[in-house]
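Structural overview for review
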Amino acid sequence: MGFMPQDFPTLMKRYRGPLILLILVTLGLSAVLMGRTLSRGDDFLVFYRVAQRFWDGVRPYDSVTYGNMVFKYPPWILPLFLPFGFMDPLTAKLIWGFVEAGSLFAIVIRIHRGIGRLPAVRPAIQAFFLLTFFALFGSHGMTGQITLLVLALALWIDPVRSSFAKFFILAFAFSAKLTTLLPLLHSVKRKKIILNVLGVGALFIALSLPIYFHSYRGHYRALRTEWSAALFSGTSDVDRVRIGFTTREVQGLPSFLLRETGLDEKKPRDVLFAISVSTAFIVGFWIFLSRRLKPEVQWIGWLAVLPAVQPLAWFHVFLFTYPMLVFGAEEAMKNLRWRRVIGYGFCALLIGAVTAKTMGAAGSRLEFLSVKLWGSLAAICIFRKDLQS
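Residues numbered from 1 in each chain as written. Predicted model: local features only at pLDDT ≥ 70, side-chain atom pairs only at ≥ 80, totals over all residues. Heavy atoms only, no water.

1. Structural notes on the packing of aromatic side chains
One pass over the structure, following the stated rule, counts 25 aromatic pairs. Ring geometry for phenylalanine 174 and tryptophan 299: centres 6.0 Å apart, planes at 80°, overall edge-to-face. One end of the pair, phenylalanine 174, is in helix H10 (residues 164–174); the other, tryptophan 299, is in helix H15 (residues 295–305), with 125 residues separating them in the sequence. Given a relative accessible area of 1%, phenylalanine 174 falls into the buried group. Overall, tryptophan 299 belongs to the buried group, its relative accessible area being 5%. Relative to phenylalanine 213, the ring of tyrosine 212 has its centre 4.9 Å away and its plane inclined at 75°; by these criteria the two rings are edge-to-face. Here tyrosine 212 falls in the partly exposed class, since its relative accessible area comes to 24%. Owing to a relative accessible area of 49%, phenylalanine 213 belongs among the partly exposed residues under this scheme. In this structure, arginine 291 is placed above the aromatic ring of phenylalanine 288, and the distance from its NZ or CZ to the ring centre is 4.1 Å. (Phe/Tyr/Trp six-rings, centres within 6.5 Å; stacked < 30°, edge-to-face > 60°. Helix = DSSP H or I, 4+ residues; strand = E, 2+ residues; numbered from the N terminus. Buried < 20%, exposed > 50% of the residue type's maximum accessible area, 1.4 Å probe, protein only. Lys NZ or Arg CZ within 6 Å of the ring centre and 35° of its normal.)

Right, here's the structure in full:
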């Protein structure tokens, strides 16, 4: 049974000190997110510049104009960022920083309350794992990405029992990068799923009309060609640009396969093959492990496996493992399974703290071996044991 409003005074009395610590940690990380977005926010600047120049007729997927930092999201995502085109860069970054910070607080509050079968997580556990993930939050702020916003929506919206409007919001958020649609496999249990998918598809088409008509004058082939090129922009000349499927900052299973096999990251066919193999393996892996788990537990697991299939699984993408780690650690502590508590902590260190900056050459080598991927998968295995029905 989840958190009830009448439980709040009791929790405040019992966890006053740790709760204050959690609030301070969350405020500190929010400051980091906002500060780094204001000083850098590289990916957000892509969204901002594309929105700004859209009104002048510059095509969002034009790699000649934007180079490697071109818009890569689907056309139906662009309307989310168009209002920023009317703002100056500082104001736009400041607003986006508040969105990031607000998303973090929404995540912490939701986990503090518990979700169905998943218990309310004590503040000390959240504070510990948030600090362990400091580098991931720093990476999120430097890019100004959307990971925290998507994660917050994923925790607050039930993918199976929500209304069509909420289901659309969830589908919209996860479709920003097409490979992040994986968790929505959990929604196949939803009633009228086919009608809802058709409805979402129709809304996606409607939201794509600004790009289709304003930027590409109704030429679908030009839109498709430039978007496809944009998805792979900056990945072919890996010696001269920082974007690449096999750099140490990219930690998913597709990147591991591209690094450790004879596949060539400069060939889209090889990249798509690595993504397909990874997706098939990860989907089968979690479907097998989760078949006897409660729906909300399965959902948290789907979020946690999401980074594993990303072709560009940057550090911040592994924030999707955070709910799984804290819910699992809470369950293990409640049942005095101390070895599993230590296991979660160790996995969190692999995901959040092992980097070239913290461990030098050894950390760099571990990153090239996709250490965050293996830490995530190990934690998922522990999580499944703790949350079995």
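There's more to say after this.
2. Overview of the nonpolar core
Core analysis: the largest hydrophobic core is formed by 118 residues, its most contacted members being Phe174, Leu325 and Phe383. The contact partners of phenylalanine 174, leaving out residues within four places of it in the chain, are Val150, Ala154, Thr180, Leu181, Pro183, Leu184, Trp299, Leu303, Leu306 and Phe320. (Core = buried A, V, L, I, M, F, W, Y, C linked by side-chain atoms within 4.5 Å. Contact = heavy atoms within 4.5 Å.)

3. A look at the packing of helix H2 (residues 16–39) against helix H6 (residues 89–113)
Interaxial distance between H2 and H6 falls to 9 Å at its minimum, and their mutual angle equals 155°. As the angle between them shows, H2 and H6 are arranged roughly antiparallel. Where H2 crosses over H6, the two elements pack in a sense that is right-handed. Facing Leu19, Leu22, Thr26, Leu27, Leu29, Ser30, Leu33, Met34, Thr37, Leu38 and Ser39 of H2, the residues of H6 in contact are Leu90, Lys93, Leu94, Trp96, Gly97, Phe98, Glu100, Ala101, Leu104, Phe105, Val108 and His112. A per-class count over the contact of H2 with H6 returns 15 nonpolar, six polar and two charged. (Axes fitted to C-alpha atoms, helices over the stretch in contact; angles between N-to-C directions. Parallel < 35°, antiparallel > 145°, perpendicular 65-115°, else oblique. Left-handed = near helix turned anticlockwise from the far one by under 90°. Nonpolar A, V, L, I, M, F, W, Y, C, P; charged D, E, K, R; others polar.)

4. As for the environment of glycine 144
Within the secondary structure, glycine 144 sits in the loop between helix H8 (134–143) and helix H9 (147–156). Glycine 144 has contacts with Thr37, Gly41, Phe44, Phe47, Trp96 and Glu100, leaving out every residue within four places of it along the chain.

5. Observations concerning the environment of alanine 362
Of note, alanine 362 is situated in helix H18 (residues 356–368). Put simply, alanine 362 and glycine 102 are 260 residues apart on the chain and 36 Å apart in space, counted from C-alpha to C-alpha.

6. Points about the packing of helix H17 (residues 338–352) against helix H19 (residues 371–386)
Running from N to C, H17 and H19 cross one another at 155°; their axes reach a closest spacing of 8 Å. Accordingly, the angle class assigned to the pair H17 and H19 is roughly antiparallel. Relative to H19, H17 is oriented so that their crossing is left-handed. Residues Arg340, Gly343, Tyr344, Cys347, Leu350, Ile351 and Gly352 of H17 form the contact with H19, whose participating residues are Val371, Lys372, Gly375, Ser376, Ala378, Ala379, Ile382, Phe383, Lys385 and Asp386.

7. Observations regarding a nonpolar patch on the surface
Judged by side-chain polarity, Ile20, Ile23, Leu24 and Leu27 come together as a nonpolar surface patch covering roughly 370 Å² of accessible area. Here isoleucine 23 lies in helix H2. (Patch = residues over 30% accessible without salt bridge, like charges linked within 9 Å, V, L, I, M, F, W, Y side chains within 5 Å. Areas by Shrake-Rupley, 256 points an atom, 1.4 Å probe, with all protein chains shown as cover. Salt bridge = Lys/Arg side-chain N within 4 Å of Asp/Glu carboxyl O.)

8. Remarks on H8
Of all ten residues in H8, seven are buried; the element is thus mostly enclosed. For H8, the full list of buried residues reads Leu136, Phe137, Gly138, Ser139, His140, Gly141 and Thr143.

9. Let's talk about the pattern of salt bridges
Counted according to the given criterion, the structure contains ten salt bridges. Here glutamate 331 makes a salt bridge to arginine 117, at a shortest N to O gap of 3.8 Å. Within this pair, whereas glutamate 331 is found in helix H16 (residues 322–334), its partner arginine 117 is found in the loop between H6 and helix H7 (123–132), the two being separated by 214 residues in sequence. In this structure glutamate 331 comes out as buried when scored by relative accessible area, which is 6%. With relative accessibility at 27%, the residue arginine 117 sits in the partly exposed group. Ionic pairing is found between glutamate 330 and arginine 122, a salt bridge with its closest N-O pair at 2.9 Å. Here the residue glutamate 330 occupies a position in helix H16, and arginine 122 occupies one in the loop between H6 and H7, the gap between them amounting to 208 residues. Residue glutamate 330 is classed as buried on the basis of its relative accessible area of 5%. Taken together, the shared-partner salt bridges connect Arg59, Asp62 and Glu226 into one network.

10. Examining H17
Between its first and last C-alpha atoms H17 spans 21 Å; for 15 residues at 1.5 Å apiece the expected length is 21 Å, and the two agree. When H17 is considered as a whole, its buried residues turn out to be Val341, Gly343, Tyr344, Gly345, Cys347, Ala348, Leu350, Ile351 and Gly352. Where H17 is buried, its residues meet H7, H8, H16 and H19. (Expected span 1.5 Å × (residues − 1).)

11. Thoughts on the side chain of glutamate 226
Among the structural elements, glutamate 226 can be located in helix H12 (residues 220–231). Once residues lying within four places of it in the same chain are set aside, the contact partners of glutamate 226 are Arg59, Tyr61, Asp62 and Tyr216.

12. Some points on unusual backbone geometry
The backbone of arginine 217 shows a phi angle near 50°, a positive value even though the residue is not glycine. Mapped onto the elements of the fold, arginine 217 is located in the loop between helix H11 (193–215) and H12. Non-glycine residue serine 370 carries a positive phi angle of around 60°. Tracing the backbone shows serine 370 in the loop between H18 and H19. Note on serine 370: relative accessible area 0%, which makes it buried.

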